[in-house]
Amino acid sequence: MKVYGKIHQILKRERIISIVINSRLEYFHMTNRFMKDFKAYLFKKPYVFMEVQDDYIIYGTYKCREINHFIKIVQPTRKGNEVYYDISVIQDGVKSLINKPHNRLFIDLEFSLMSPLSRGVSEIVQYGFILEDENGNMIMEDSALVKPQNKRALNIKTLLFLSRSLEDFDNACEYIEFYQLLSNIIDKYDPKIYAWGQNDILALENSFKLNHLKPLDIRNRYINLMHVIKNYYSYKQEKGLFSTYQEMTHTEETSQIHDALEDALIEREIFYMFKQEINKK
């Protein structure tokens, strides 16, 4: 349900705000993330528009409704309303970004897992690439295992995670081959790079340092699809790739196979389902 009103009181420790609605003081509880993101505005006691749960819950001595998300936060001033937050502005920005024509590279990376016997940093051990033009036409689909610098990176923990054997890496590509492929794609197609979460960009940047190679232009073209979807719907928490896919396709939960190409294909499918959904509005 939607509620609206001027903040009457803020209970910081309990993460609760109160609003007078129909001459009655109502209490609303929020998550840690909401308190962190919005506390600078809330302490000014502005007017808030919120989507909240219908049912009450008990937090300490307070009977509250849980805040699903803020819709708008506004502070009246002598010069007019000062808008601190408006989810519609964020959604318009996301829609513009998703619909902007450009080549797209959907990327997923698998990394080595640390074990008591392995030392050093986590390394890229598999990549999956889906390259398409601005109209969604497939240009390239590629995937391969990548030999890590540290042989101990291919420990039992990593191999079990990937459902691979040590022999599978006999014909794996060298890191320099992966680096040159990515460099050529960037130079030739100038794509935006879509991935799920921050781990891939951090792994890429660390891999350039680890292999003493010139950093590629990744960060300026990188789009975190998970973060984009989270911001658009104002989710309270980050969601995994497979859980998001299952939610959007209304399919039952299945065990995830850790394969970089499969994950890149799922990223691409989520992108188009999300694009179709936001363009309906």
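Sequence order as written defines the numbering, with residues in each chain counted from 1. Local features in this predicted model are restricted to residues whose pLDDT is 70 or higher, and side-chain atom pairs enter the listing and the counts only when it is 80 or higher, whereas totals over whole chains, interfaces and linings include all residues. Note that water and hydrogens are dropped before the side-chain values are worked out from all heavy atoms of the structure.

Draft legend 1. A look at the overall build of the chain. Within the chain, the regular secondary structure consists of eight helices and 12 strands. Expressed along its principal axes, the backbone C-alpha trace of the chain runs to roughly 75 × 45 × 40 Å. Taking the contacts inside the chain whose residues are at least 6 apart along the sequence as the reference set, 64% of them involve residues at least 24 apart. Accessible surface computed for the chain: about 15700 Å², of which carbon and sulfur atoms make up 49%. Residues scored as charged are limited to Lys and Arg (positive) and Asp and Glu (negative), so that His and the chain ends carry no count. Charge positions are represented by NZ for Lys, CZ for Arg, CG for Asp and CD for Glu. Between the centroid of the 38 positive side chains of the chain and the centroid of its 38 negative side chains there is a distance of 12 Å. Secondary structure is summarised from DSSP: a helix means a run of H or I of at least four residues, a strand means a run of E of at least two, and numbering begins at the N terminus for each. The contact criterion used is simple: two residues touch if any of their non-hydrogen atoms lie within 4.5 Å. Residue burial considers only the protein chains on display, and all accessible areas are found by Shrake-Rupley using a 1.4 Å probe.

Draft legend 2. Up close: helix H1 (residues 32-42). Buried means the residue's accessible area, taken with a 1.4 Å probe over protein chains only, is under 20% of the maximum for its type, while exposed means over 50%, and partly exposed covers the values in between. Burial in H1 covers these residues: Phe-34, Met-35, Phe-38 and Leu-42. For H1, the angular spread of the buried residues around the axis is 115°, confining them to a single face. Seen from the buried face of H1, the exposed residues on the opposite side, beyond 90 degrees, are Asn-32, Lys-36 and Ala-40. On its buried side, H1 packs onto strand E1 (2-11), strand E2 (16-21), strand E4 (47-52), strand E6 (62-77) and strand E7 (80-86). Here, the arc refers to the directions that run from the helix axis to the C-beta atoms.

Draft legend 3. Representation of the pattern of salt bridges in the model. Should a side-chain nitrogen of Lys or Arg be within 4 Å of a carboxyl oxygen of Asp or Glu, the pair is scored as a salt bridge. This model, assessed by the stated rule, comprises 14 salt bridges. In this structure, Glu-51 and Lys-2 form a salt bridge, with 3.4 Å as the shortest nitrogen-oxygen distance. Of the two residues, Glu-51 sits in strand E4 while Lys-2 sits in strand E1, which places them 49 residues apart along the sequence. For Lys-2, a relative accessible area of 61% gives the class exposed. A salt bridge links Glu-247 to Lys-239; its shortest N-O distance comes to 2.8 Å. The class of Glu-247 is partly exposed, set by a relative accessible area of 40%.

Draft legend 4. Molecular detail of the packing of aromatic side chains. Within 6.5 Å between ring centres, the rings of Phe, Tyr and Trp (the latter by its six-membered ring) count as paired, and their orientation is classed by plane angle as stacked under 30 degrees, edge-to-face over 60, tilted in between. Using the criterion set out here, one finds 22 aromatic pairs in the structure. When the ring of Tyr-127 is compared with that of Phe-129, the centres are 4.8 Å apart and the planes differ by 40°; the resulting orientation is tilted. Aromatic side chains Tyr-175 and Phe-178 sit 5.7 Å apart centroid to centroid with 55° between the ring planes, which places their arrangement in the tilted category. On the criterion of helical spacing, the pair formed by Tyr-175 and Phe-178 is a turn pair, its members being three residues apart in helix H4 (residues 175-189). Over the face of the ring belonging to Tyr-56 we find Arg-65, whose NZ or CZ atom lies 4.1 Å from the ring centre. Geometrically, a lysine NZ or arginine CZ counts as sitting over a ring once it is within 6 Å of the ring centre and also within 35 degrees of the ring normal. If you follow Lys-239 out to its NZ or CZ, it ends over the ring of Tyr-235, 3.9 Å from the centre.

Draft legend 5. Summary view of the pairing of strand E3 (residues 24-29). Relative to E3, E2 is paired through six bridges, and the arrangement is antiparallel. Each bridged residue has a counterpart across the sheet, and for Ile-16 the counterpart in E3 is His-29. Across three bridges, the pairing between E3 and E6 is parallel. Bridge pairing in E6 places His-29 opposite Glu-66. For two strands to pair, DSSP has to find at least two bridges joining them.

Draft legend 6. Just the nonpolar core, in detail. Note on terminology: a nonpolar core comprises buried Ala, Val, Leu, Ile, Met, Phe, Trp, Tyr and Cys residues joined through side-chain atoms within 4.5 Å. Residues Leu-109, Ile-124, Phe-129, Phe-178, Leu-182, Leu-204 and Ile-218 are the most contacted members of the largest nonpolar core, which totals 26 residues. When residues of this core are traced back to their parent elements, those giving at least two are strand E8 (104-111), strand E9 (124-132), H4, strand E11 (192-195) and helix H5 (199-210). Take this core: its biggest share by element is six residues, from H4. Contact partners of Leu-182, with chain neighbours within four places excluded, come to Leu-105, Phe-129, Leu-204, Leu-216 and Ile-218. Counting 21 residues, the second largest nonpolar core, distinct from the first, contains Ile-98, Phe-106, Tyr-232 and Leu-261.

Draft legend 7. Structural context of unusual backbone geometry. A positive phi angle, near 65°, is found at Ser-23, a position not held by glycine. Position of Ser-23 relative to the elements: it lies in the loop between E2 and E3. By relative accessible area, which is 79% here, Ser-23 ends up exposed. Positive phi is not limited to glycine here, since Asp-190 has a value of about 45°. Among the secondary structure elements, Asp-190 is positioned in the loop between H4 and E11.

Draft legend 8. Layout of the side chain of Ser-207. Along the chain, Ser-207 falls in helix H5. On the accessibility criterion, Ser-207 (6% relative accessible area) is buried. Residue contacts for Ser-207: discarding those within four places in its chain leaves Ile-124 and Tyr-175.

Draft legend 9. Structural view of the pairing of E8. Burial analysis of E8 places eight of its eight residues in the buried class, the great majority of the element. Side chains Arg-104, Phe-106, Asp-108 and Glu-110 of E8 all project onto a buried face; the interleaved residues Leu-105, Ile-107, Leu-109 and Phe-111 project onto the opposite face, where all are buried too. Examined bridge by bridge, E8 and E9 share eight bridges and lie antiparallel to one another. From the neighbouring strand, Asp-108 faces E9, where its bridge partner is Gly-128.

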